Amino acid sequence: MKKFMMMMAMLAIPFAMQAQTKYHDVELNEATGPVKSISTNVMGRDQTTNFDKDGKMQRENMSDAVYDAEGYLQSAKMSMMGQESTTKYKWENGKVASQTMNMMGRDVTIKYTYNEKGVVTAQSIDFDGQEMTSPYTDYKFDDHGNWISRRGSMMGQEIEQTRTIVYYE
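This text gives an overview of the structure that appears in the document.

Thresholds, definitions, all that
Residues numbered from 1 in each chain as written. Predicted model: local features only at pLDDT ≥ 70, side-chain atom pairs only at ≥ 80, totals over all residues. Heavy atoms only, no water. Helix = DSSP H or I, 4+ residues; strand = E, 2+ residues; numbered from the N terminus. Buried < 20%, exposed > 50% of the residue type's maximum accessible area, 1.4 Å probe, protein only. Contact = heavy atoms within 4.5 Å. Areas by Shrake-Rupley, 256 points an atom, 1.4 Å probe, with all protein chains shown as cover. Pairing = 2+ DSSP bridges. Salt bridge = Lys/Arg side-chain N within 4 Å of Asp/Glu carboxyl O. Phe/Tyr/Trp six-rings, centres within 6.5 Å; stacked < 30°, edge-to-face > 60°. Lys NZ or Arg CZ within 6 Å of the ring centre and 35° of its normal.

### Describing the overall build of the protein
Consideration 1: Helices and strands together make up the secondary structure of the protein, namely 2 helices and 12 strands.
Consideration 2: Seen in sequence order, the protein has helices and strands lined up from the N terminus as α-α-β-β-β-β-β-β-β-β-β-β-β-β.
Consideration 3: Counting every position in the protein, which comprises 169 residues, the buried fraction comes to 34%.
Consideration 4: In the protein, the share of contacts with a sequence separation of at least 24, taken over all contacts with a separation of at least 6, comes to 28%.
Consideration 5: When the accessible area of the protein is evaluated, it comes to approximately 11,300 Å², of which 52% is carbon and sulfur surface.

Shown next, in the form of structure tokens:
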């Protein structure tokens, strides 16, 4: 009986390992599963983020990524609108809790609020002491349970975010 249980455990390990990825960049982008790419449109601005089969993000404006031993992104250099900035990430319970970057000599921190299902319900942006909160509503999800459309509001302006997610087979 003991040998049978050990054989069953050994057979189960490869299947359990297939569901896991080495990196958690897909989760950083508010998604789960074998994601190949996420194309996002926010206020008419398109951006595509690609992921390898290990879940590692490949983005044109990102360099010098630093990961911890569990594969969680800790920091990376980002290039936005001709400015280069280092973004630092804090994680809690497998979800990104906040990210901080220095823009134009000032720290900007974005904090995330999640519901019980792990969906982001709001982002709070602290720009050098001035905080703005953007709640998210009207989510639409794909067959994998990842959001593909949501509405937000910031400084009185309604924002619709849409995205297309391509999965590995």
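### Some remarks on the pairing of strand β7 (residues 95–103)
Consideration 1: Across 6 bridges, the pairing between strand β6 (residues 83–92) and β7 is antiparallel. Across the sheet, residue glutamate 92 finds its bridge partner in β7, namely lysine 95.
Consideration 2: Between β6 and β7, which follow one another and run antiparallel, lie 2 residues, and asparagine 93 among them has a positive phi close to 50°.
Consideration 3: Pairing between β7 and strand β8 (residues 106–114): 6 bridges, direction antiparallel. Within β8, the residue paired with threonine 100 across the bridge is threonine 109.
Consideration 4: The hairpin turn running from β7 into β8, its antiparallel successor, is 2 residues long, and methionine 104 in that turn takes a positive phi close to 55°.

### Some thoughts on the pattern of salt bridges
Consideration 1: With the rule as written, the count across this model stands at 4 salt bridges.
Consideration 2: For aspartate 138, the salt bridge goes to arginine 151, with nearest N and O atoms at 4.0 Å. Taken as a pair, aspartate 138 in strand β10 (residues 130–141) and arginine 151 in strand β11 (residues 147–154) lie far apart in primary sequence, 13 residues in all.
Consideration 3: Overall, aspartate 138 belongs to the exposed group, its relative accessible area being 53%.

### Let's talk about the pairing of strand β2 (residues 45–51)
Consideration 1: Alignment of β2 against strand β3 (residues 57–58), held across 2 bridges, turns out to be antiparallel. Bridged to asparagine 50 within β3 is glutamine 58.

### A look at the packing of aromatic side chains
Consideration 1: Tallying each qualifying case throughout the model produces 4 aromatic pairs.
Consideration 2: Members of the aromatic cluster, joined through ring pairs, are Tyr139, Phe141 and Trp147.
Consideration 3: The ring of tyrosine 136 carries arginine 150 above its face, with NZ or CZ at 3.7 Å from the centroid.
Consideration 4: Arginine 163 extends its terminal NZ or CZ atom over the ring of tryptophan 147, reaching a point 3.9 Å from the ring centre.

### Quick word on unusual backbone geometry
Consideration 1: Positive phi outside glycine occurs at asparagine 93, with the angle close to 50°.
Consideration 2: Secondary-structure assignment places asparagine 93 in the loop between β6 and β7.
Consideration 3: On the basis of relative accessible area, asparagine 93 is assigned to the exposed category, the value being 82%.
Consideration 4: In this structure, aspartate 138 is a non-glycine residue whose phi angle is positive, near 55°.

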